[in-house]
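# Coordinates in review
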Amino acid sequence: RNTGLDASIGEWIYFLDGDDYISDDCIELMMQCVKKHPKTDAVYAGAEVINGFHTWASYKDKNLPEDTEKAWWINTSILKRDVLGMGPWNKLLRKKILTDAHMHFVDGLRYEDEVWNMQLAQVIHSLCIFKKDTYFYIKHCDSSMGQNNKNQQKFYLKLKMWNSMIDHIQGERWQIQNQVKQIASWSVGESWAYYPYIKRLAMPKLLLRLAIKSRSSLSLHLVIQAVLAIIKSSAYRNECFLKRMSL
């Protein structure tokens, strides 16, 4: 994707993964939105997930505006991931907003789409939404991501991603707060499912980094979450130790 982005010479960028496909009229319909709203930074359209069930990908049944310049709504809706599709696919993006922000996918990161999505939330100021599903995403069974015995590896891949997201936090104060809240909510929510596999200070370090980025009343909440993460991790290890001693 980075190679394609650097080599492109047009005004608009559209990413299509090699194993997915689009409808015959996909680009035409998106460009009609651009002609109708020439100042838009991006056009988002719905997608259908093949071999999977992901309602967030389709916009057909969602109450979404056709176009908007409401900065808070755009930023929040992109970050929430279940309002507007998270992946880079089926988005027509004005190249200038990407090049001005020096945006590229992070090399060597498994969940690089998540960091990219957060960066898009920072730079899109006007948005058109086309509700028809014009992209068909093929979901594959990935053994390295789906097996229970890979939970530790999966968690540390996500931990690397969350830290990369923190590295890319920027914008106005309210944008920073939105980004911090989203990363905190997501990481804390998922970490409890993985806590048997977590090194004791992995999550506290992440949350304290977020607290430093926040610099607001949210910082205290994140510090408390960091302490709870230490307690939870310690309690689990003590429980395992007592079980071993009783055997």
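Structure shown above.
Before going into details, it helps to say that this report is about the structure given with it. (Residues numbered from 1 in each chain as written. Predicted model: local features only at pLDDT ≥ 70, side-chain atom pairs only at ≥ 80, totals over all residues. Heavy atoms only, no water.)

The next thing to look at is the overall build of the protein. The helix and strand tally for the protein stands at ten helices and six strands. The buried share of the protein, reckoned over its 247 residues, is 48%. For the protein, long-range pairs separated by at least 24 residues make up 78% of all intrachain contacts whose partners lie at least 6 apart in sequence. Accessible surface computed for the protein: about 13,300 Å², of which carbon and sulfur atoms make up 55%. (Helix = DSSP H or I, 4+ residues; strand = E, 2+ residues; numbered from the N terminus. Buried < 20%, exposed > 50% of the residue type's maximum accessible area, 1.4 Å probe, protein only. Contact = heavy atoms within 4.5 Å. Areas by Shrake-Rupley, 256 points an atom, 1.4 Å probe, with all protein chains shown as cover.)

This part is about the pattern of salt bridges. Enumeration over the complete set of coordinates arrives at nine salt bridges. Between R1 and E112 there is a salt bridge whose closest N-O contact spans 4.0 Å. Residue R1 is found in the segment before α1 (2-7), and its partner E112 is found in helix α5 (residues 112-123); the two are separated by 111 residues along the sequence. Since its relative accessible area comes to 32%, R1 is described here as partly exposed. Between E66 and K36 there is a salt bridge; the shortest N-O distance is 2.8 Å. (Salt bridge = Lys/Arg side-chain N within 4 Å of Asp/Glu carboxyl O.)

Moving on: the nonpolar core. Y44, L93, L98, W116, L120, I124 and W162 are the most contacted members of the largest nonpolar core, which has 45 residues in total. Contributing elements (two or more residues each) for this core: β3 (42-50), α3 (71-80), α4 (95-100), α5, β6 (127-138), α7 (151-167), α8 (173-194) and α9 (202-214). With residues up to four places along the chain from it excluded, the contact list for L98 reads L5, I13, L93, M103, W116 and L120. Core analysis: the next-biggest nonpolar cluster, separate from the first, contains nine residues, W12, C33, A45 and C128 among them. (Core = buried A, V, L, I, M, F, W, Y, C linked by side-chain atoms within 4.5 Å.)

Bringing the pairing of β3 into the picture now. A large share of β3 lies buried, amounting to seven of its nine residues. Of the strand pairs in this sheet, β3 and strand β5 (residues 91-94) are connected by three bridges, and their pairing is antiparallel. Note that in β5 the partner of V43 across the bridge is L92. Sheet topology places β3 next to β6; nine bridges connect them, and they run parallel. Residue pairing in the sheet places V49 in a bridge with Y137 of β6. (Pairing = 2+ DSSP bridges.)

With that settled, consider α5. Think of an α-helix as 3.6 residues a turn; residues three or four steps apart then line up on the same face. With twelve residues, α5 should cover 16 Å at 1.5 Å per step; its first-to-last C-alpha distance of 17 Å lies within 8% of that length. Within the span of α5, buried status applies to D113, E114, V115, W116, N117, M118, Q119, L120, A121, Q122 and V123. (Expected span 1.5 Å × (residues − 1).)

Along α3, the positions that sit buried rather than exposed are I74, N75, T76, S77, I78 and L79. The first or second residue beyond α3 is R81, which carries a positive phi of 75 degrees.

Tallied over the full model, the rule gives nine aromatic pairs. Between F155 and Y156, the aromatic rings sit 5.2 Å apart at their centres with planes inclined by 75 degrees, giving edge-to-face as the arrangement. Relative accessible area serves as the criterion here: at 0%, F155 is assigned to the buried category. Of the residues examined, Y156 reaches a relative accessible area of 26% and is grouped as partly exposed. Look at F155 and W162: their rings are 6.2 Å apart centre to centre, the planes differ by 65 degrees, and that puts the pair in the edge-to-face class. Through pairs of rings, three or more aromatic residues link up here, namely F155, Y156, W162 and W186. (Phe/Tyr/Trp six-rings, centres within 6.5 Å; stacked < 30°, edge-to-face > 60°.)

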